[in-house]
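# Analysis of the macromolecular model
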Amino acid sequence: MEKKYEVKIEELPFLSPLMKAYLAEDEAIRKLYAHSFSLDGFEQAIENRKAFYTNRNVLVEVLKSQYSNLPKQTEVESNIDLLLQPNTFTITAAHQPCLFLGPLFNLFKISGTIVTTRLLKEKYPQYNFVPVFWMGSEDHDKEELCNTNVGGVRIDWNNDYSGVIGKFGTEGLAQALEAFKAASPQLNAEYVSIIEKGIASTSDFGQLTQYITHELFKEFGLVVIDQNDTRLKALFADIIRDEVFEQRAEKVLQPQLEWLEQHYSVQAKPRAINFFYIQRGSRDRIVRDGDGFTTANQLANFNAAEMEKEISTQPERFSPNVFFRPLFQEYILPNLGFIGGAGELSYWLELKPLFDYYKVPYPMQLFRSMGMLTGAKTFAKMEKLNTKPLDYFGDKNSFIKQWLSANSTNDVTVEKEKVSLEQIFNDLLQKAIAVDKSLEGSIKGELQRSLNGLDTVAGKLLKAEKRNQDTALQQIESVHQQFFPNGTLMERSENLFSAIGTLNKEEFKELVLAQNPLEKSFNIFSN
């Protein structure tokens, strides 16, 4: 496996203005974040984290409980034990459980935590750094999380479960795996074995995701934690209570969101209450109901005293939404940096006032590496076409027109003719005005009709030249489909396992360790 191409993320045409400003460390948005996006920026992050109490005993107790049925791995067990020490900190990525780990970008996220902790250990040897994958197993978006794509083929996990996805049973997963294998016949047998053993040895989808992630990344010491734990929620109960009763986020974040709306855009807006209530088979928004509370589906109702008791005795039933999940994560972990993509970091950059209000250290936001894997044939096609990967990231039709213009042996443009035509009509217009000024509108109308006629001719010339260049255009289409299967960037579409399916152990390790978020790069690898 070889890195064949690299481009700075801020050069990608589809990146939002806010993300471009963040990557450039634009002073205009400096108030949105706490630390410079660099290794040096971690120095202050470490000091801030040292000053904040983290209940390491409960954290390690939960992790050892969750790992009790997972295959033993020295590097992971050692890192869990290190979390008891006050000089140990974490770097974290997060995602919901997805069918067979979901899209390729999850590998880039997780790999970023591993690479960053290694870089930090080199720069700050007096501290320990642990890579963590925080699993948001309480998500209930079944439509999004119960399918995956292999080479443009959608694989569905058909099931009758509802509620939080981490608690879904495993029925139907074996059938989904068979369809997955059929769609990716080149899949390394070792990867298939990991999934098969996971299905056989776990009882719910959250445990399965934890198992698969652990097995794939265990040699790097990655620690996987499931947030859906009563002990962790109990630590967070005071903040749950404050949000439910005081509707804190909406008030605290309003000035920040107004500023973002004025200058950039808002990724997500808080609700009045930003927690869900979990019951068997459901996860529903908590809403005010007069002096009491109910859920959006009205399956649960509480007066104030009952709600207070519920938070105190059943904190696991309260599930944070996108505004409090980051705060929950940072409250529990001794974390320094969060690694995410453009969408994640866009909503993280809304949240600093909420962290400041609760006096929880706001971590560094690291933009994960982006990229894709493709075969040598794709690079051969690009070389033959005299194109580079960045050419394919913009509008496809505009790129094809530019390519035809640059590579055609025939001139299919009419720009010179338009200039000549406009000059003729301009001369004619001057003559007409000298005779009768009222003829000006008629002359200009004739000019526009003539220009439109030239555009029609240009379109026909372009179509004819496309027929002449049919083979080359098919190759362009083939490369574009590699980059954007079904119109979606490969890393966001192609399943993680199918993307790495032909890599051996050493090649996989090489891919993981190439994902340095501090390089702020989009990388294309040849597999």
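The coordinates are above.
What counts, and where the lines are drawn
- Residues numbered from 1 in each chain as written.
- Predicted model: local features only at pLDDT ≥ 70, side-chain atom pairs only at ≥ 80, totals over all residues.
- Heavy atoms only, no water.
- Helix = DSSP H or I, 4+ residues; strand = E, 2+ residues; numbered from the N terminus.
- Contact = heavy atoms within 4.5 Å.
- Areas by Shrake-Rupley, 256 points an atom, 1.4 Å probe, with all protein chains shown as cover.
- Lys, Arg positive; Asp, Glu negative; His and termini not counted.
- Charge placed at Lys NZ, Arg CZ, Asp CG, Glu CD.
- Phe/Tyr/Trp six-rings, centres within 6.5 Å; stacked < 30°, edge-to-face > 60°.
- Buried < 20%, exposed > 50% of the residue type's maximum accessible area, 1.4 Å probe, protein only.
- Lys NZ or Arg CZ within 6 Å of the ring centre and 35° of its normal.
- Pairing = 2+ DSSP bridges.
- Axes fitted to C-alpha atoms, helices over the stretch in contact; angles between N-to-C directions.
- 1 Å grid on protein atoms, 1.4 Å probe; cavity = no way out; pocket = protein on both sides within 12 Å on 5 of 7 lines; lining within 4 Å.
- Points joined across faces, edges and corners; volume = space filled by probe spheres on them.
- Nonpolar A, V, L, I, M, F, W, Y, C, P; charged D, E, K, R; others polar.
- Expected span 1.5 Å × (residues − 1).
- Arc of directions from axis to C-beta.
- Right-handed = clockwise from strand over helix to strand, strands pointing away.
- Salt bridge = Lys/Arg side-chain N within 4 Å of Asp/Glu carboxyl O.

### Considering the overall build of the protein
Per the secondary structure count, the protein includes 24 helices and 15 strands. The contacts in the protein between residues at least 6 apart in sequence include a share of 76% that link residues at least 24 apart. A total accessible area of about 23,300 Å² is found for the protein, and carbon and sulfur atoms account for 47% of it. In the protein, which carries 58 positive and 70 negative side-chain charges, the distance between the mean positions of the two groups comes to 1 Å.

### Quick look at unusual backbone geometry
Non-glycine residue Leu101 carries a positive phi angle of around 70°. Mapped onto the fold, Leu101 is located in the loop between β2 (88-95) and α5 (105-123). The phi torsion at Asn386 lies on the positive side, around 60°, for a residue other than glycine. Position of Asn386 among the secondary structure elements: in the loop between α17 (376-385) and α18 (396-407).

### Considering the packing of aromatic side chains
Under the criterion given, the structure shown has 35 aromatic pairs. Judged by centre distance (6.0 Å) and plane angle (85°), the rings of Phe14 and Phe393 are edge-to-face. Note that Phe14 is positioned in the loop between β1 (2-8) and α1 (17-23) and Phe393 in the loop between α17 and α18, a separation of 379 residues in sequence. For Phe14, a relative accessible area of 38% gives the class partly exposed. Taken together, a centroid distance of 5.7 Å and an interplanar angle of 70° make the contact between Phe89 and Tyr127 edge-to-face. Linking Phe89 in strand β2 with Tyr127 in the loop between α5 and β3 (128-135), this pair joins segments that are 38 residues apart in sequence. Under the relative-accessibility criterion, Phe89 is labelled buried at 1%. Cation over ring: Lys4 sits above Phe379, and NZ or CZ is 5.5 Å from the ring centre.

### Describing the environment of Ser78
By secondary structure assignment, the location of Ser78 is in helix α4 (residues 74-82). For Ser78 and Gln175, which are 97 residues apart along the polypeptide, the C-alpha to C-alpha distance reads 36 Å.

### Let's talk about the sheet that holds strand β7 (residues 275-279)
With antiparallel pairing, five strands are arranged side by side in an open sheet as β10-β9-β8-β7-β11. Each end of this open sheet is capped by a strand with a single partner; those strands are β10 (301-302) and β11 (318-320). Strand direction decides the pairing type here: β7 and β11, joined by three bridges, are antiparallel. By the bridge assignment, Phe275 is partnered in β11 with Pro320.

### Section: the sheet that holds strand β12 (residues 335-340)
Within a sheet, adjacent strands bond to each other through the backbone by hydrogen bonds, running parallel or antiparallel. Spatial strand order, β6-β3-β2-β12-β13: five strands in an open sheet with parallel pairing. Whereas interior strands pair on both sides, the edge strands pair on one side only; in this sheet they are β6 (223-226) and β13 (364-367). Within the sheet, the average angular offset between the axes of one strand and its neighbour, ignoring direction, is 30°. In this structure, β2 lies alongside β3, joined through eight bridges in parallel fashion. By the bridge assignment for β3, Ala94 is matched with Trp134. Packed on one face of the sheet, helix α3 (residues 56-66) meets β2 and β6 and runs near 95° to β6.

### Topic: empty space enclosed by the protein
Per the counting criterion, the structure on display carries two cavities of 30 Å³ or more. The volume enclosed by the largest cavity comes to roughly 60 Å³. Lining the largest cavity are His95, Gln96, Pro97, Cys98, Leu101, Asn106, Ile110, Phe133, Thr209, Thr213 and Leu496. Going through the elements one at a time, α5 and α9 (205-217) are the ones with two or more residues in the lining of the largest cavity. Of the residues belonging to the lining of the largest cavity, the class tally is six nonpolar, five polar and no charged. Approximately 30 Å³ is the volume attributed to the second largest cavity. Forming the walls of the second largest cavity are His35, Ala45, Asn48, Arg49, Asn335, Leu336, Pro361, Tyr362 and Pro363. Mapped onto the lining of the second largest cavity, the elements with two or more residues apiece are α2 (42-50) and β12. Here the element with the most residues in the lining of the second largest cavity is α2; it accounts for three residues. Its residues assigned to classes, the lining of the second largest cavity comprises five nonpolar, three polar and one charged.

### Brief notes about helix α19 (residues 415-435)
Its 21 residues place the ends of α19 30 Å apart at the C-alpha level, agreeing with the 30 Å of an ideal helix rising 1.5 Å per residue. Here α19 has its buried residues at Lys418, Leu421, Phe425, Leu429 and Ala432. All buried residues of α19 lie within an arc of 80° about the axis, which places them on one face of the element. Turned more than 90 degrees away from the buried face of α19, the exposed residues are Lys416, Val419, Ile424, Lys431 and Ala434.

### A closer look at the layout of surface pockets
Volume-wise, the largest pocket comes out at about 1,100 Å³. Every residue lining the largest pocket is counted, 47 residues in all, and those nearest its centre are His95, Gln96, Glu144, Glu344 and Arg492. Among the elements that make up the lining of the largest pocket, the one with the highest residue count is helix α15 (residues 342-348) (four residues). Residues of the lining of the largest pocket, tallied by class, amount to 18 nonpolar, 15 polar and 14 charged.

### Considering the pairing of β3
For β3, the buried fraction is high: eight of the eight residues fall into the buried class. Handedness of the β2-α5-β3 crossover: right-handed. Pairing of β3 with β6, which is carried by four bridges, proceeds in the parallel orientation. Residue pairing across strands places Phe133 opposite Val224, the latter belonging to β6.

### Concerning the pattern of salt bridges
The final tally for this structure, using the stated rule, is 24 salt bridges. Notably, a salt bridge pairs Arg231 with Glu61, separated by 3.3 Å at the nearest N-O pair. Placement of the pair is Arg231 in helix α10 (residues 230-235) and Glu61 in helix α3, with a sequence separation of 170 residues. When its relative accessible area of 27% is taken as the criterion, Arg231 is described as partly exposed.

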